[in-house]
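# Observations on the model geometry
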Number of protein chains: 2
Amino acid sequence: MQAALELYVGQGFDQTTVAEIAELAGLTERTFFRYFADKREVLFWGAGALQELLVSTVADAPESDAPIVAISAAIQAAGAVFQEQREGVLLRQTVIATNTELQERELIKLASLVSAMAGALRQRGVAEPSASLSAEAGIAVLKIAFARWIGEANEQDLAQLIRALFVELKIVTAS
Amino acid sequence: MQAALELYVGQGFDQTTVAEIAELAGLTERTFFRYFADKREVLFWGAGALQELLVSTVADAPESDAPIVAISAAIQAAGAVFQEQREGVLLRQTVIATNTELQERELIKLASLVSAMAGALRQRGVAEPSASLSAEAGIAVLKIAFARWIGEANEQDLAQLIRALFVELKIVTAS
DNA sequence: TACCTGATGACAGTAAGTGACATCGTGTGC
DNA sequence: GCACACGATGTCACTTACTGTCATCAGGTA
């Protein structure tokens, strides 16, 4: 992972071959593919942990919380994690921004988060389509908040940005 | 396109080589790649037209319409198009459902629709983040409505399903 | 000591995608 | 009627991601 990220950042994702990564890491190309399904997957190793965080946060929310409130709590928790690792997150994102296939991979990971959160809501007794709608709304907020958090120089608090966007979403959909 | 779809449906996307498609279509592999950036893109030829429909529907909505109302109209218009071509849409979707990379491609097309609609809203004077939030909400509704429309045997009206989901979204986010 | 097992290497092969150049058919100006 | 320009296609060589298969090797166990 370290070798791959180093090369992706240094010379670009497209310009980096798996052979180079393997050599830098001191192993074989074949071994690389035993750990990562493809060249892209290296950048999404943390997705599993993120999903667990979201699911457990939704699951552990107070029973009285409405679906969207539980989702909001989960997204904020995710935001806090990003905030803690700002440097690494920014680096990773600069790489992703340069390559379409990486953006595709990121989107399917987000879609997986939606499914997982919707499942966690259903576990709480929330019916469809409310569960899916809430989960989708949460990821939509995360996407926009994340983009702003990265795009703007002045470092805002991501969790706070997320809260503000949930409020804005409420206003926008109320019309 | 016809040759590719035929083969994808008949023997599966993964099992179909570009060489086969080219042969069936009576041209060269190289020529195939002059028309389609990759093997996946064939299935998304209509994305451009869909985007135009969404953008123009948003643009042409009455000035008095709130952002979410304009978005709702656009998504319903898209739904109507799908409804008209139900057979083809279903066929296409069975192919996409079998392959992860196709799902990724579909997601990035949807993300492109979000950007386009958000742009159309900004053109109407809607500020960020309202524009992006509304557009994201609209695509979220479309995704869920589409999944239900396809998944259930009893053929419901897609536009109607979409309308119901916008209402549900309003309720869900109001909490 | 024999053995089992999980991780890695070695190697051959498939197929997607790209770049460079040749060819061909069609229309246009003269 | 002819030379020419140009867009579309074919040809070919090449890179590289990814896969299947078998050999090897190190560490732990009976």
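Reading the values: the criteria
- Residues numbered from 1 in each chain as written.
- Chains lettered and ligands numbered in written order.
- Predicted model: local features only at pLDDT ≥ 70, side-chain atom pairs only at ≥ 80, totals over all residues.
- Heavy atoms only, no water.
- Contact = heavy atoms within 4.5 Å.
- Buried area = accessible area lost by both parts, 1.4 Å probe.
- Salt bridge = Lys/Arg side-chain N within 4 Å of Asp/Glu carboxyl O.
- Polar contact = N/O pair within 3.5 Å; in protein donor to acceptor, adjacent residues only side chain to side chain.
- Helix = DSSP H or I, 4+ residues; strand = E, 2+ residues; numbered from the N terminus.
- Nonpolar A, V, L, I, M, F, W, Y, C, P; charged D, E, K, R; others polar.
- Near = heavy atom within 4 Å.
- Buried < 20%, exposed > 50% of the residue type's maximum accessible area, 1.4 Å probe, protein only.

### A short note on the interface of chain A and chain B
Tallying the contact residues gives 31 residues for chain A and 31 residues for chain B. Regarding the contact of chain A and chain B, the summed buried area is about 2900 Å², with carbon and sulfur atoms giving 68% of it. Between chain A and chain B we count 6 salt bridges in total. Between A:Arg105 and B:Glu104 there is a salt bridge, with its nearest N and O atoms 2.5 Å apart. Where chain A packs against chain B, one counts 9 residue pairs in polar contact (both at pLDDT 80 or more). Taken together, the elements giving at least two residues each to the side of chain A that touches chain B come down to helix H7 (100–123), helix H8 (130–151) and helix H9 (158–174) of chain A. Looking at the side of chain A that touches chain B, the element that brings in the most residues is H8(A), giving 10 residues. Classifying every residue of the side of chain A that touches chain B by side-chain character gives 14 nonpolar, 7 polar and 10 charged.

### Comments concerning the side chain of A:Glu104
Locating A:Glu104 in the fold gives a position in helix H7. Excluding residues within four positions of it along the chain, A:Glu104 makes contact with B:Glu104, B:Arg105 and B:Ile108.

### Some words on the protein's contact with DNA strand C
As a structural note, the neighbourhood of DNA strand C is formed by 16 residues, with A:Thr28, A:Thr31, A:Arg34, A:Tyr35 and B:Arg40 the closest of them. Counted by atom, the contact set of DNA strand C within 4 Å of the protein is 53% sugar and phosphate. At a separation of 2.5 Å, a phosphate oxygen of DNA strand C approaches a polar side-chain atom of A:Thr31. Within the contact set of DNA strand C, a phosphate oxygen lies 2.6 Å away from a side-chain nitrogen or oxygen of A:Tyr35. Ranked by residue count, the leading element in the surface near DNA strand C is helix H3 (residues 29–35) of chain A, at 4 residues. Broken down by class, the residue content of the surface near DNA strand C amounts to 5 nonpolar, 4 polar and 7 charged.

### Some details on the pattern of salt bridges
All names here are of chain B. According to the stated counting rule, one finds 22 salt bridges over all chains in the structure shown. Salt-bridge contacts for Lys109 lead to Glu41; the nearest nitrogen and oxygen are separated by 2.7 Å. Note that Lys109 is positioned in helix H7 (residues 100–123) and Glu41 in the loop between helix H3 (29–35) and helix H4 (47–60), a separation of 68 residues in sequence. According to the relative accessible area criterion, Lys109 is partly exposed, its value standing at 21%. When the shortest N-O distance is used, the salt bridge between Glu155 and Arg86 registers 3.7 Å. One end of the pair, Glu155, is in the loop between helix H8 (130–151) and helix H9 (158–174); the other, Arg86, is in helix H6 (residues 86–97), and 69 residues separate them in sequence.

### Brief notes about the protein's contact with DNA strand D
Taken together, 16 residues surround DNA strand D, and among them A:Arg30, A:Arg40, B:Thr31, B:Arg34 and B:Tyr35 come closest. Across the atoms of DNA strand D situated within 4 Å of the protein, the share located in sugar and phosphate is 53%. A:Arg30 places a polar side-chain atom, nitrogen or oxygen, 2.8 Å from a base oxygen of DNA strand D. Between DNA strand D and the protein, one listed contact pairs a phosphate oxygen with a side-chain N or O atom of B:Tyr35 at 2.5 Å. Breaking the surface near DNA strand D down by element, the ones donating at least two residues are H3 of chain A together with H3 of chain B. Sorting elements by how many residues they give to the surface near DNA strand D places H3(B) first, with 4 residues. Across the surface near DNA strand D, the residue classes break down as 5 nonpolar, 4 polar and 7 charged.

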